[in-house]
Amino acid sequence: MRIDNTHKKWFAASLIIFGVATAVYVPYAAHSPSGPRGGSAIGLTFGTVGSAFMVFAGLLAARKKVPVWRLGRAQSWMRGHLWLGLLSLPIIFFHAGFKFGGPLTSVLMVLVIIVVASGVFGAALQHYLPRVMTAQAPGETIFEQIDHVREQLAAEADHLVQSATGAAEPAREEGRGGLSLAVQSEVALDEKLAPLRNFYELEVRPFLQSGGKGQLLLSDSDRARAAFEGLRTLLPTGAQETGKRLEAICEEERQLHRESRIHYWLHGWLMMHIPLSFALLLLGCVHAITALRY
Amino acid sequence: MAGPERTTKKLAQRIDLTYFKRPHPFRTWRFWLSVAAPLVAILWIAWYGVAGSNRVYSGGKMSRAHAVLAAKCDACHLRQTGSFSAKASDQACLACHDGPIHHANQAFTPNCSSCHEEHQGRMRLAATADVSCTQCHANLRTTGEPTHYVRDIENFGAGHPEFAALRPGAVDPGTIKLNHAVHMKKNLKGPNGEPVQMDCDDCHRPPTSTQPLRFGSATGMPVLIAQKSDLPIAISARAYMAPVTYAKHCVACHGLQFDKRFTESVPHDTPQVIHTFLVQRFQQYIATHPAELRELGPDRTLPQKPLPVALRVLTPDQWVAERVSESEELLWRKTCKQCHALSIPADGALPTVAKSNITARWMPHADFNHERHELLKCTECHAGALTSHETADILLPGIATCEKCHHSGSDGAEARCFECHTYHDWTKQKEVKGRLTLSGIGRGE
């Protein structure tokens, strides 16, 4: 999600909430006989508010699972998740009095820091990378289908090269004096397309089958362009179009590779953020019950 | 670069329409991690539960004093039958400690934990924050009669008044005349007439000092401050100076000779005891020296007028009475009067000696420990001692002297209230009967 002007109200509200919380916390901390405590009335209030923010942020997953829920727009939920989730960190710090406490509370503090930090990191990525994706992978496809599309590109390239080179098998006629004229011309054509076949066998097919792994010649756009320019100088006029189409297929493959990489950046942080946030919510419930008891 | 023709239709035809039925490994990993993380969290909590330990729920490390109870949460967190809450209540504290009230007129009594907060790490529980005290003393309100204490103290550096003993109009109530300046001057006449230079510790020492006094007597038992005050708590034997006593500190230089016939001194005691001593002493003497009953009168011969020598023959009682009278005249009007305030009646009765009123402890509401300050020279704090001529001078250091070291900041000595003041009135301490066992706190078999 891009953080743009539509977030202004949320930003302003968050700033106000943070300001009010700070204005309450500072005198409370200064005048508490034994320092700010999570179990004091104000400490409990901070804890309740912070937990409510975290629960709301966690409910985004449920909202996404049930899109027909008519409880606000998905964008509003997302904005709430971002801003209230971010606010939960200082509110929880105010609740804890900036102390880590015992084993359970220390783990909770570490979790909340990691979850919020990863969320901020992810929000920054989600703000900037989509544009990068559009610029670097205009031929973007569905991420889960990248491998499937790759297979189709490889098959298309195979078919292209076979059509251009593989159909003309030289037929050997036994006879007086050697090969026939037709065969002789086919052999000559085959020899002219050898660079194409060789280039395809040595560079293009391995590249299309690599799945974007490794640093091959065609992995780099500039080096690929130079390579294909060199190939075109060796190809007859009839094969120029094949060369161009092969180059385009290689460019598509590079875009798929970039798309895949950007996708992992865009969503990889969720591998940490989501599991840890579930653990955080669960342990938070345990903490709430036991802290109220003791 | 002209590429292969890619219409929207062709692009769409590349997609397997059932792809969403087969989750991508990325999503699968994310799902299982989302299951595993909370599961690990539950197992972690459950492990403590199986082990029968509640330490995972602890709010932090215990203080030094209570570290031995770290594994015994219910030593303090007692759960009432039928109640969910198991908060540490004052009753739990009082089961092991007595916490006498601070003052009968205090407006409210805070909970134990509001000042002594546990689970804050290895710290001294008694080292309370100033705000524990200033929650009352920053705006002091009392029940009953108005208080004479300052009402708006924020901390040692803000609002703390000058020490009561040094406020304007305060004088030393002691009646013993002592001139510190004279005693500290150079070439003072020593016990044997030799010139000496006295030092502070020739008179002022802690009760347990074993160093021999340079000009003192080995006799005379040390008197602990605690014995002279009504403070039942144990105080370091080196916290306060032992009271200066005549028998120990003064007798070597200030003898109580009363008659040239005797080298001994009168006892340092009440006038009645001295009188009885004098009578007995002179009676003993005249019994062994009857010749002195015949006294030649004083020689009043003038150069041109010789007079007959007067001869007096006294009875023993008369002789004793005259000698006692002369001795008492010397003692009451000179020797004793040099230090004591005497009121001598006109009818010849024995004088009344004012009580010495030497203050054993100048700050009854604050603790002080000389031992902790022995790195300093005495006169750094008791600056007036070298120049004090009057008994009424109070030679205590003022609050400004203490603030030179005891102030807030990383370069200051401890300046919080607890360093000098105690909330609990320990004179009202009650005994507590212990109820815990070693096995009960996990320290025995």
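A quick note: this is a predicted structure, and the numbers were derived from the prediction, not measured.

Conventions and cut-offs
Residues numbered from 1 in each chain as written. Chains lettered and ligands numbered in written order. Predicted model: local features only at pLDDT ≥ 70, side-chain atom pairs only at ≥ 80, totals over all residues. Helix = DSSP H or I, 4+ residues; strand = E, 2+ residues; numbered from the N terminus. Rg over C-alpha atoms; globule rule 2.2 N^0.38 Å. Buried ≥ 20, exposed ≤ 12 C-beta atoms within 10 Å, placed from the backbone. Contact = placed C-beta atoms within 7 Å. Nonpolar A, V, L, I, M, F, W, Y, C, P; charged D, E, K, R; others polar. pLDDT = per-residue confidence, 0-100. Domains from an automatic or database assignment. Expected span 1.5 Å × (residues − 1). Bend = angle between axes of the 7 residues up to and from the residue. Axes fitted to C-alpha atoms, helices over the stretch in contact; angles between N-to-C directions. Left-handed = near helix turned anticlockwise from the far one by under 90°.

Trainee: Give a detailed account of the overall build of chain A, specifying residues and quantitative values.
Mentor: For chain A, the count of helices and strands is nine helices and zero strands. Reading the secondary structure of chain A in the N-to-C direction produces α-α-α-α-α-α-α-α-α. Radius of gyration (C-alpha) of chain A: 31 Å, far over the 19 Å computed for a compact globule of 294 residues. Considering only C-alpha atoms, chain A reaches an extent of 115 × 40 × 35 Å along its principal axes. Residue burial in chain A is summarised as follows: out of 294 residues, 27% are buried.

Trainee: Describe the interface of chain A and chain B, listing the residues and the values that go with them.
Mentor: Taken together, the 35 residues of chain A in the interface contact 38 residues of chain B. Broken down by secondary-structure element, the contributors of at least two residues to the side of chain A that touches chain B are α4 (103-136), α5 (146-166), α8 (240-268) and α9 (270-293) of chain A. The leading source of residues in the side of chain A that touches chain B is α9(A), at 12 residues. Among the residues forming the side of chain A that touches chain B, the class breakdown is 18 nonpolar, 11 polar and six charged.

Trainee: Please set out the confidence of the model for chain B residue by residue, giving values where relevant.
Mentor: Residues and elements named next belong to chain B. The predicted model of chain B averages 86 in pLDDT, with 92% of residues at 70 or higher. Counting contacts from residues 220-234, a segment whose pLDDT is below 50, to residues more than four positions away or on other chains yields 27 contacts. Reported for the predicted complex are a pTM of 0.73 and an ipTM of 0.82.

Trainee: Explain the domain arrangement of chain A to me, using residue names and the numbers behind them.
Mentor: All names here are of chain A. In terms of domains, chain A is made up of domain 1 (5-137 + 269-293) and domain 2 (143-266). Tallying the contact residues gives seven residues for domain 1 and six residues for domain 2. Residue classes in the side of domain 1 that touches domain 2 are distributed as five nonpolar, two polar and no charged.

Trainee: Report on α4(A), specifying residues and quantitative values.
Mentor: Residue and element names in this part refer to chain A. Relative to the 50 Å expected for 34 residues at 1.5 Å per residue, α4 spans 47 Å between its end C-alpha atoms, a close match to the ideal helical length. Along α4, the helix axis deviates most sharply at tyrosine 128, where the bend reaches about 35°; the proline proline 130 sits within four residues downstream. Along α4, the positions that sit buried rather than exposed are Leu104, Thr105, Leu108, Val112, Val115, Val116, Gly119 and Ala123.

Trainee: Describe the environment of Thr142(B), and please don't skip the residues or the numbers.
Mentor: Residue and element names in this part refer to chain B. Secondary-structure assignment places threonine 142 in the loop between α5 (130-137) and α6 (180-183). The spacing of threonine 142 and glutamine 106 is 36 residues in sequence and 5.1 Å in space, taken between C-alpha atoms. Residues contacting threonine 142, with those up to four places away along its chain left out, are Asn105, Gln106, Ala107 and Thr147.

Trainee: Before we move on, can you summarise the confidence of the model for chain A with the specific residues and values?
Mentor: All names here are of chain A. In this model, chain A carries a mean pLDDT of 87, and residues with pLDDT of at least 70 account for 92%. Element-level mean pLDDT values for chain A span from 77 in helix α6 (residues 181-209) up to 95 in helix α1 (residues 8-31). Every residue in residues 168-177 scores below 50 in pLDDT, and together they form 12 contacts with partners more than four places removed in sequence or on other chains.

Trainee: Please provide a residue-by-residue account of unusual backbone geometry, values included.
Mentor: Residues and elements named next belong to chain B. Not every positive phi belongs to a glycine, and histidine 119 is a case in point at roughly 60°. Given 20 C-beta atoms within a 10 Å radius, histidine 119 is considered buried. Despite not being glycine, asparagine 357 has its phi angle at roughly 50°, a positive value. Positionally, asparagine 357 belongs in the loop between β6 (352-353) and α11 (378-381). Classification of asparagine 357 by C-beta neighbours within 10 Å gives exposed; the count is 11.

Trainee: Describe in detail the packing of α4(A) against α9(A), supporting the description with residues and values.
Mentor: Residues and elements named next belong to chain A. α9 packs onto α4 with a crossing angle of 145° between their chain directions and a minimal axis gap of 9 Å. Judged by the twist between their axes, the crossing of α4 over α9 is left-handed. Within the contact between the two elements, α4 uses Leu104, Thr105, Val107, Leu108, Leu111, Val112, Ile114, Val115, Ser118, Gly119 and Gly122 and α9 uses Leu270, Met272, His273, Leu276, Ser277, Ala279, Leu280, Leu283, Gly284, Val286 and His287. In the contact of α4 with α9, the residues fall into 14 nonpolar, eight polar and no charged.

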